[in-house]
Amino acid sequence: MNPLDLKFIKPAVITDKRGQPYAKDFDDVYFNDLNGLDETNHVFLGGNQLLERWGEKQQKPYFCIGETGFGSGLNFLATCLAWQQCPKKPAKLHFISTELHPMSAGDLKSAHQLFPEIKTFSQKLLAKYDSFRAGIHQLAIDEDITLTLLLGDATENLKQLHAQVDAWFLDGFAPSRNPAMWSAALFNAIAQLSEPGTTIATYSAAAVVKKGLTQAGFKLTKQTGFGPKRDMLVGTMNEKPAQAINRQPWHPLPKANTQDKKVTILGGGIAGLCLARSFNLAGFHTTVIDQHSQPLKQASGQGYAMVMPLITAQKSPEALFYLRAFEHAQQAYSEHAFHQIGICELFPPEPNAKRIKNNKKLSLPDSLIQVNSQNIKYPNAGYVDNQVLAAEWSSYIDQWITAKVSCVEHHQQWQIQNELKQTIHSCDLLIIAAGMYSQVLTQAHQDLGLTAKLGQTNQIQTNKNLKLSHVILNQGYLIPIKQTALTGQYLIGATFDHLPATSWLQSDFSEYNHLQRNLTHWQQTDYAHHLSTATLVSKHTAIRATTQDHLPVCGPIINQQQFESAYQDLHHGRHWQEYPPAEPIKNLYVMTGLGSRGFTSAPLLADYLLSMITGQPLPLEADLCKIIHPNRFNFRNLKKTPTYSS
Ligand SMILES: Cc1cc2nc3c(=O)[nH]c(=O)nc-3n(C[C@H](O)[C@H](O)[C@H](O)COP(=O)(O)OP(=O)(O)OC[C@H]3O[C@@H](n4cnc5c(N)ncnc54)[C@H](O)[C@@H]3O)c2cc1C
Ligand SMILES: C[S@@+](CC[C@H](N)C(=O)[O-])C[C@H]1O[C@@H](n2cnc3c(N)ncnc32)[C@H](O)[C@@H]1O
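Being a predicted model, the structure only gives us computed values, none of them experimental.

### Things to note about the site of ligand 1
- Surveying the vicinity of ligand 1 reveals 36 residues, the closest of which are Asp290, Gln291, Ser300, Met306 and Gly595.
- Between an oxygen atom of ligand 1 and a main-chain N or O atom of Gly595, the distance comes to 2.7 Å.
- Here ligand 1 has 1000 Å² of accessible area as a free molecule, and 97% of this is covered by the chains.
- Those elements giving two or more residues to the shell around ligand 1 turn out to be helix 9 (270–281), strand 14 (304–307), strand 25 (451–462), strand 30 (535–546) and helix 17 (598–614).
- Taken together, the residues that form the shell around ligand 1 break down as 15 nonpolar, 16 polar and five charged.
- The two domains that each donate at least three residues to the shell around ligand 1 are domain 2 (263–298 + 391–443 + 551–639) and domain 3 (300–384 + 451–501 + 508–546).

Below you can see the structure in the form of structure tokens.
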């Protein structure tokens, strides 16, 4: 199964064989019935010499393990235990594992009960193990342990992974019982993610494994296997195979070139605030520069913002991206800030019949979406209270500088200048998260292709409690903020108006009044009378930075001049290997174009940028990294055949 199928996987059917989990379909056990934990320690931890190598690499920021076949998670939990007990080690452990038939949480728990030593880590894993969506899931298991679970076929998933693996655990049912997994394509995908010095260990000494790994570039030796098994294989990659180069040189995802753990973020909206949180939690000193003296003003200042997935009737890049973003947002926001009261979308019956059928096909869980003939419910969606969020997360900002920035220039460091052209701050690593204004601040290097959409929300008070238990969507939205016995406070919104390029720099919108337009969505509903006679409490008008494909712009800023000159004949369709990499501007990144869904996408995008900048495994599949890349519009423009005027 492809990780980019919009699909939820049905849990594996597990049977019991002599008190151990057993997969009937493969006629194989999940772990050795002598002692699974001892087997893991012998084959995978011992075979990769992990304890010794962790000690040698203690100056490194992280150590990364890759595994085929997560199964019961026993290998993972045994590794967590060894990591915890190891006195000398790198700062962080990344464990990446693939799984085609994930076990249910109940089956995992039963399997773990056989090994009391792993109880604490088992509980930490089970607290986060809750989605069977195909594709990538990044779970923070402990302060220094991140599990990246790739659900679906191992080869397809590893082809979508952006990571550098130090050691491989080649597990999976025996090659004779599961030949489909142990393929040349899998061994090549493993090689692509390895570097010289990367090690591999597997309990299998089958000829197909030996041949495949050798051809993929590993130098192998046989060692004594565990228990009755005579042999197992261990190996090291000597030289990276020739094809292991960037297949998309026009969409580079560079690590930052700086030793300091300091970051400057230009913009204190939801993008900037999420960035401050992600980098602060990773031990960075964070500086935020904004023209306002507090976070969450401008587009992010509407008081209450919906957070929800986007489930389209057909699979689309947007749906794939926002589903991952929604899951990530649920992990990031606290229950005080994120009110998961559910969102109910009123929908005509006709198109819904199609969606009901589609949902069944995709096995989408009821906790995500429930489609009825009249409406669609998203039970775990809801809204964020911006004030609560700002109060909770402000402590992630180590330094706040209030200033209107006119330009940023690089002279050994990034120099941030105010409107009087005075340098107010210098830094090595800069992320621009300034909404529409990001376009102005990066224009010396690259055009971001943003367009401005003006919008307004209205906070109103009714003379009756409308007794709404969830947010209602009906083209516009109606958020119940506070309901007392006799009255109710609601946020209604939002309008969406195109602004010409000449007028989006204006900042005074006090003349605009969109209340009547926001009310029109409710005219045919039971709430019409009470809403139309409500008192206006406040209004919020701001500009959204949007893109033509409705996806954010997140990643490195590119040297557009170099790109256009190197890629000018792209429309002829030369082979990708013939192009040089697009040049990123050193230590300059952007996160903008969040459109109408910034509160859903920003937590994931911030962690994604942190991973990219620090060179850690990315929490997004390669094909999704591409669709949010800042260079995508320039690439698409050059791909089109030019039209010549006579
Ligand atoms: C009316 C309305 C309703 C919306 N409803 C929702 C919703 O329900 N759910 C949802 O997810 N999204 C919603 N959105 C969209 C959401 O608000 C945006 O996606 C999000 O706020 C974008 O965040 P941002 O940090 O990129 O931009 P912003 O919040 O605009 O932050 C950019 C920051 O950069 C600062 N800045 C810009 N230029 C400079 C400069 N030159 N010098 C110094 N500082 C600068 C600004 O002061 C600002 O604080 C809505 C938007 C609007 C307008
Ligand atoms: C022996 S078990 C792994 C045991 C596991 N490492 C543990 O610690 O419990 C093999 C696992 O590989 C999974 N698997 C089989 N074929 C696969 C494939 N093509 N891609 C990913 N996982 C696969 C199976 O579903 C099963 O969970």
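Once the structure has been displayed, the description carries forward.
### Brief notes about the site of ligand 2
- Gly69, Ser72, Asn75, Glu99 and Asp171 are the nearest of the 22 residues found near ligand 2.
- Taking Asn178, its side chain carries an N or O atom lying 2.9 Å from a nitrogen atom of ligand 2.
- Protein contacts shield 97% of the accessible area of ligand 2, which totals 600 Å² for the unbound molecule.
- Elements with a contribution of two residues or more to the shell around ligand 2: helix 3 (74–85) and strand 5 (92–99).
- Its residues assigned to classes, the shell around ligand 2 shows eight nonpolar, ten polar and four charged.

### Some details on the sheet that holds strand 19 (residues 382–385)
- If you walk across this open sheet you meet the three strands as 14-19-15, and the pairing is antiparallel. Both outer strands of the open sheet, strand 14 and strand 15 (338–339), are each paired with one neighbouring strand and no more.
- Bridge analysis of strand 14 against strand 19 gives four bridges, and the strand direction is antiparallel. Counterpart to Met306 in the pairing with strand 19 is Tyr383.

### Considering helix 12 (residues 386–393)
- Residues of helix 12 that are buried: Asn386, Leu389, Ala390 and Trp393. Buried residues of helix 12, seen end-on, are gathered within an arc of 100° and therefore sit on one face of the element. With respect to the buried face of helix 12, the exposed residues turned more than 90 degrees away are Gln387 and Ala391.
- Those residues of helix 12 that are buried lie in contact with helix 9, strand 14, helix 10 (317–332), strand 19 and helix 17.
- Two or three places before Gln387, at the start of helix 12, stands the capping residue Asp385, its side-chain oxygen 3.1 Å from that residue's backbone nitrogen.

### Here we look at the sheet that holds strand 12 (residues 262–266)
- Spatial strand order, 20-13-12-24-32-31: six strands in an open sheet with mixed pairing. A single partner strand is all that each edge strand has here, and the edge strands are strand 20 (399–402) and strand 31 (553–558). Taken pair by pair, the neighbouring strands of this sheet meet at an average axis angle of 25°, ignoring direction.
- Summarising the sheet, strand 31 and strand 32 (residues 584–592) pair through five bridges and their orientation is antiparallel. By the bridge assignment for strand 32, Cys554 is matched with Met591.
- Running over the sheet, helix 17 touches strand 24 (430–432), strand 31 and strand 32 and is turned about 170° from strand 32.

### Here's the deal with the UniProt feature "domain: MnmC-like methyltransferase" (unreviewed entry) in the protein
- Residues given the UniProt feature "domain: MnmC-like methyltransferase" (unreviewed entry) here are residues 116–238.
- With 28% helix and 36% strand, residues 116–238 has its two end C-alpha atoms placed 39 Å apart.

### Section: unusual backbone geometry
- In this model, Gly493 is joined to Ala494 through a cis peptide bond whose omega is -10°.
- Inspection of the secondary structure assignment puts Ala494 in the loop between strand 28 (488–493) and strand 29 (497–499).
- Phi is positive for Asp27, which is not a glycine, with a value near 50°.
- Assignment of secondary structure puts Asp27 in the loop between strand 2 (20–23) and strand 3 (28–29).
- Judged by relative accessible area, which is 37%, Asp27 ranks as partly exposed.

### Section: helix 9
- Along its twelve residues, helix 9 runs 16 Å from first to last C-alpha, staying within 8% of the 16 Å computed at 1.5 Å per residue.
- A large share of helix 9 lies buried, amounting to eleven of its twelve residues.
- Among the residues of helix 9, those classed as buried are Ile270, Ala271, Gly272, Leu273, Cys274, Leu275, Ala276, Arg277, Ser278, Phe279 and Asn280.
- At the C-terminal side of helix 9, Gly283 shows a positive phi close to 90°.

### Comments concerning the domain arrangement of the protein
- Considered domain by domain, the protein is made up of domain 1 (14–237), domain 2 (263–298 + 391–443 + 551–639) and domain 3 (300–384 + 451–501 + 508–546).
- Look at where the C-alpha atoms of domain 2 and domain 3 centre, and you get two points 28 Å apart.
- Taken residue by residue, the interface counts 30 residues in domain 2 and 34 residues in domain 3.
- Among the residues of domain 2 in contact with domain 3, Arg597, Phe599 and Thr600 are the three that bury the most area, contributing 27% of the side total.
- One salt bridge connects Glu621 with Arg324, and the closest N-O pair in it is separated by 2.9 Å.
- Along the contact surface separating domain 2 from domain 3 lie 13 residue pairs in polar contact (both at pLDDT 80 or more).

### With respect to the environment of Gln489
- If you trace the backbone, Gln489 turns up in strand 28.
- Apart from residues lying up to four places away in sequence, Gln489 is in contact with Gln459, Ile460, Gln461, Ile479, Pro480, Ile481, Lys482 and Val537.

### Regarding the environment of Ala582
- Within the element layout of this structure, Ala582 appears in the loop between helix 16 (560–566) and strand 32.
- The exposure class assigned to Ala582 is buried, which follows from its relative accessible area of 2%.
- Sequence-wise, Ala582 and Trp250 are 332 residues apart; in three dimensions their C-alpha atoms are separated by 4.9 Å.
- If we skip the residues at most four places from it in the chain, Ala582 touches Pro249, Trp250, Pro252, Ile558, Gln562, Phe563, Tyr567 and Asn631.

### Description of the packing of helix 1 (residues 36–47) against helix 3
- At a minimum axis distance of 10 Å, the contact between helix 1 and helix 3 shows a crossing angle of 75°. The pairing of helix 1 with helix 3 is recorded here as roughly perpendicular in orientation. Together, Gly36, Leu37, Thr40, Asn41, Phe44 and Leu45 of helix 1 and Leu74, Asn75, Ala78, Thr79 and Ala82 of helix 3 make up the contact between the two elements.
- Its residues placed into classes, the contact of helix 1 with helix 3 shows six nonpolar, five polar and no charged.

Rules used throughout
- Residues numbered from 1 in each chain as written.
- Chains lettered and ligands numbered in written order.
- Predicted model: local features only at pLDDT ≥ 70, side-chain atom pairs only at ≥ 80, totals over all residues.
- Heavy atoms only, no water.
- Near = heavy atom within 4 Å.
- Polar contact = N/O pair within 3.5 Å; in protein donor to acceptor, adjacent residues only side chain to side chain.
- Areas by Shrake-Rupley, 256 points an atom, 1.4 Å probe, with all protein chains shown as cover.
- Helix = DSSP H or I, 4+ residues; strand = E, 2+ residues; numbered from the N terminus.
- Nonpolar A, V, L, I, M, F, W, Y, C, P; charged D, E, K, R; others polar.
- Domains from an automatic or database assignment.
- Pairing = 2+ DSSP bridges.
- Buried < 20%, exposed > 50% of the residue type's maximum accessible area, 1.4 Å probe, protein only.
- Arc of directions from axis to C-beta.
- Contact = heavy atoms within 4.5 Å.
- Axes fitted to C-alpha atoms, helices over the stretch in contact; angles between N-to-C directions.
- UniProt positions renumbered as here; feature names shortened; annotations may be inferred.
- Expected span 1.5 Å × (residues − 1).
- Buried area = accessible area lost by both parts, 1.4 Å probe.
- Salt bridge = Lys/Arg side-chain N within 4 Å of Asp/Glu carboxyl O.
- Parallel < 35°, antiparallel > 145°, perpendicular 65-115°, else oblique.

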